[in-house]
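The lines below spell out each chain.
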Number of protein chains: 2
Amino acid sequence: MQKTELEINQASQLLKLLGDKTRLTIISILKQRECCVCELLEVFDMSQPSISQHLRKLKDLGLVKEERRGQWIYYSLNATSELFSLLDDILNHLPEQTEKIKQIEKSNPTLRCGC
Amino acid sequence: MQKTELEINQASQLLKLLGDKTRLTIISILKQRECCVCELLEVFDMSQPSISQHLRKLKDLGLVKEERRGQWIYYSLNATSELFSLLDDILNHLPEQTEKIKQIEKSNPTLRCGC
DNA sequence: TAAGTATATAACTAACTACTTATATATTCA
DNA sequence: TGAATATATAAGTAGTTAGTTATATACTTA
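Reading guide: rules and limits
Residues numbered from 1 in each chain as written. Chains lettered and ligands numbered in written order. Predicted model: local features only at pLDDT ≥ 70, side-chain atom pairs only at ≥ 80, totals over all residues. Heavy atoms only, no water. Helix = DSSP H or I, 4+ residues; strand = E, 2+ residues; numbered from the N terminus. Expected span 1.5 Å × (residues − 1). Buried < 20%, exposed > 50% of the residue type's maximum accessible area, 1.4 Å probe, protein only. Polar contact = N/O pair within 3.5 Å; in protein donor to acceptor, adjacent residues only side chain to side chain. Near = heavy atom within 4 Å. Nonpolar A, V, L, I, M, F, W, Y, C, P; charged D, E, K, R; others polar. Phe/Tyr/Trp six-rings, centres within 6.5 Å; stacked < 30°, edge-to-face > 60°. Lys NZ or Arg CZ within 6 Å of the ring centre and 35° of its normal. Core = buried A, V, L, I, M, F, W, Y, C linked by side-chain atoms within 4.5 Å. Contact = heavy atoms within 4.5 Å. Least-squares fit on C-alpha atoms with pLDDT ≥ 70 in both. Buried area = accessible area lost by both parts, 1.4 Å probe. Salt bridge = Lys/Arg side-chain N within 4 Å of Asp/Glu carboxyl O. Arc of directions from axis to C-beta.

All names here are of chain B. Between its first and last C-alpha atoms helix H2 (residues 21-32) spans 17 Å; for 12 residues at 1.5 Å apiece the expected length is 16 Å, and the two agree. Burial within H2 is extensive, with nine of its 12 residues counted as buried. The backbone nitrogen of Thr22 lies 3.0 Å from a side-chain oxygen of the residue at the head of H2, namely Asp20.

Following this line, the structure appears as C-alpha cells:
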C-alpha cells in the first residue's frame, strides 16, 4: 500500500478519534468484519445511541462507510479514505478482535427466528 | 524495526496523546532534533507552562525522555518505549518539521551572548 | 395499516482537557 | 550571594467529550 503523507491537522483529527478505546475497538472489529449497530451493541456495555454516535464521528471523518440493507445499516472501513493508509498502519499494531467477533456471531442479533 | 503488538488500552492512550495538534507537532519535531522547552516555545503561540505540561504528558507515557544539561532540560524521543514502533509508523506519515526547526535554529534561544 | 425492530437525533450532564496566570524550584554567572 | 534564566507545579476556568434518557425516523412484516 502507498504511504500517504498527511497534514498534521488531518492526522491529529484521526488520532484523536482513535484515542477513544471504544472507537478504536470498533474500528478494529470493522477491519475484520462489517457490522451493523445491533451487532456492535453485543460487545460493548453501552447504550445504542452511544454506539451510533461513535459511528457517526468515524463516518464524519470518512473512516467508515455505511450501507443500508433492509432494516440494518452495515458499517465497514472506507479503504478509499486519504487517511486509510495511516489507519491501516495503526491497526496492524493491534490484536485481532477474534473474541468479540465470536461473541457477535454467537449472539447473532440479525437473525430473528430460528426457522 | 520490529512491529510490536499492543493492547487496545495502551494504544488508545498513545493515540489520545497524539490526537492533540500541539503534542503531535512537538513529537514530530523531537523526531528530527532534541529540544529544550525554550526552543519549543519559539514555534508555538502558547505559554511556557503549556509546553511543559504537554511534555509532561508525553513523558508520563514514556514517549519522550529528558536530560538536564546545565540550566536546560533537553527532551528527545524514547526509542526504548514499547510504544515506539507504533509511534514511528505514525510519524512516518507526517511531513518533516523543517520550517519549525529552522525557526528554532534562527532564534537560537539557548545562546545568550554572541561571543 | 399497525406493531415491532433498527437506527438516528436531541437534549442534558458529569468528567476531562488544554489553556491561562501566579508561583516555586533549579541552575548559572557576575 | 543575589539577579537572571529555565523549567515545573498549582490553581482556576472555558470548552469539549462521552455517556445518558427520551424521542423521532425508517424499514419490515403480519
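Taken together, 29 residues lie near DNA strand C, and Cys38 and Tyr75 of chain A together with Arg23, Ser47 and His54 of chain B sit nearest. The sugar-phosphate backbone supplies 70% of the atoms of DNA strand C found within 4 Å of the protein. The backbone of Val37 of chain A places a nitrogen or oxygen atom 3.5 Å from a phosphate oxygen of DNA strand C. Going through the elements one at a time, helix H3 (37-40), helix H4 (48-60) and strand E3 (72-77) of chain A together with H2 and helix H4 (48-60) of chain B are the ones with two or more residues in the surface near DNA strand C. Considering only residue class, the surface near DNA strand C consists of 10 nonpolar, 11 polar and eight charged.

With that settled, consider the packing of aromatic side chains. This structure, assessed with the given rule, holds zero aromatic pairs over all chains. Over the aromatic face of Tyr74 of chain A sits the side chain of Arg69 of chain A, whose NZ or CZ is 4.4 Å from the ring centroid.

Glancing now at the nonpolar core. Note on soluble globular proteins: their nonpolar side chains tend to be buried together. Ranked by internal contacts, the top residues of the largest apolar core, which has 66 residues, are Ile27 and Leu63 of chain A together with Ile27 and Leu63 of chain B. Leave out the neighbours within four places in its chain, and Leu63 of chain B touches Leu14, Leu17, Ile27, Leu58, Ser76, Leu77, Asn78, Ser81, Leu83 and Leu87 of chain B.

This part takes up the relation of the copies chain B and chain A. Both copies of the chain are tied together by a single rotation about an axis and a shift running along it. The two copies are related by a screw operation: chain B maps onto chain A through 180° of rotation and 0.0 Å of translation along the axis, at an RMSD of 0.0 Å. Taken together, the rotation angle and the small translation identify this as a two-fold axis. Comparing contact sets, 100% of the residues at the interface of chain B also lie at the interface in chain A, consistent with an isologous, same-surface contact.

Moving on to the interface of chain B and chain A. Each partner contributes to the interface: chain B provides 27 residues, whereas chain A provides 27 residues. Together chain B and chain A conceal approximately 2300 Å² of surface at their shared face, both sides included; 65% is due to carbon and sulfur atoms. The largest per-residue losses of area from chain B upon contact with chain A belong to Ile8, Leu15 and His93 of chain B, which jointly make up 32% of the total buried on that side. At the boundary of chain B with chain A, the tally comes to zero salt bridges. Where chain B meets chain A, there are four residue pairs in polar contact (both at pLDDT 80 or more). Looking at the side of chain B that touches chain A, the elements that each hand over two or more residues are helix H1 (8-18), H2 and helix H5 (84-91) of chain B. Looking at the side of chain B that touches chain A element by element, the count peaks at seven residues for H1 of chain B. Of the residues assigned to the side of chain B that touches chain A, the class counts are 10 nonpolar, 10 polar and seven charged.

Right, let's talk about H4 of chain B for a bit. Residue and element names in this part refer to chain B. Taking 1.5 Å per residue as the helical rise, H4 with its 13 residues ought to reach 18 Å, and the 18 Å between its terminal C-alpha atoms agrees with that figure. Taken residue by residue, H4 has Ser50, Ile51, His54, Leu55 and Leu58 as its buried positions. Projected down its long axis, H4 shows its buried positions confined to an angular sector of 135°, all on one face. Of the exposed residues in H4, those oriented more than 90 degrees away from the buried face are Gln53, Arg56 and Asp60. With its phi angle positive at about 85°, Gly62 sits one or two positions after the end of H4.

This part takes up the protein's contact with DNA strand D. Of all residues adjacent to DNA strand D, which total 29 residues, the nearest are Arg23, Ser47, His54 and Lys57 of chain A together with Tyr75 of chain B. What you see for DNA strand D is that sugar and phosphate hold 72% of its atoms within 4 Å of the protein. Here Gln71 of chain B contributes a backbone N or O atom positioned 3.4 Å from a sugar or linking oxygen of DNA strand D. Secondary structure elements with two or more residues in the surface near DNA strand D: helix H2 (21-32) and H4 of chain A together with helix H3 (37-40), H4 and strand E3 (72-77) of chain B. Classifying every residue of the surface near DNA strand D gives 10 nonpolar, 11 polar and eight charged.

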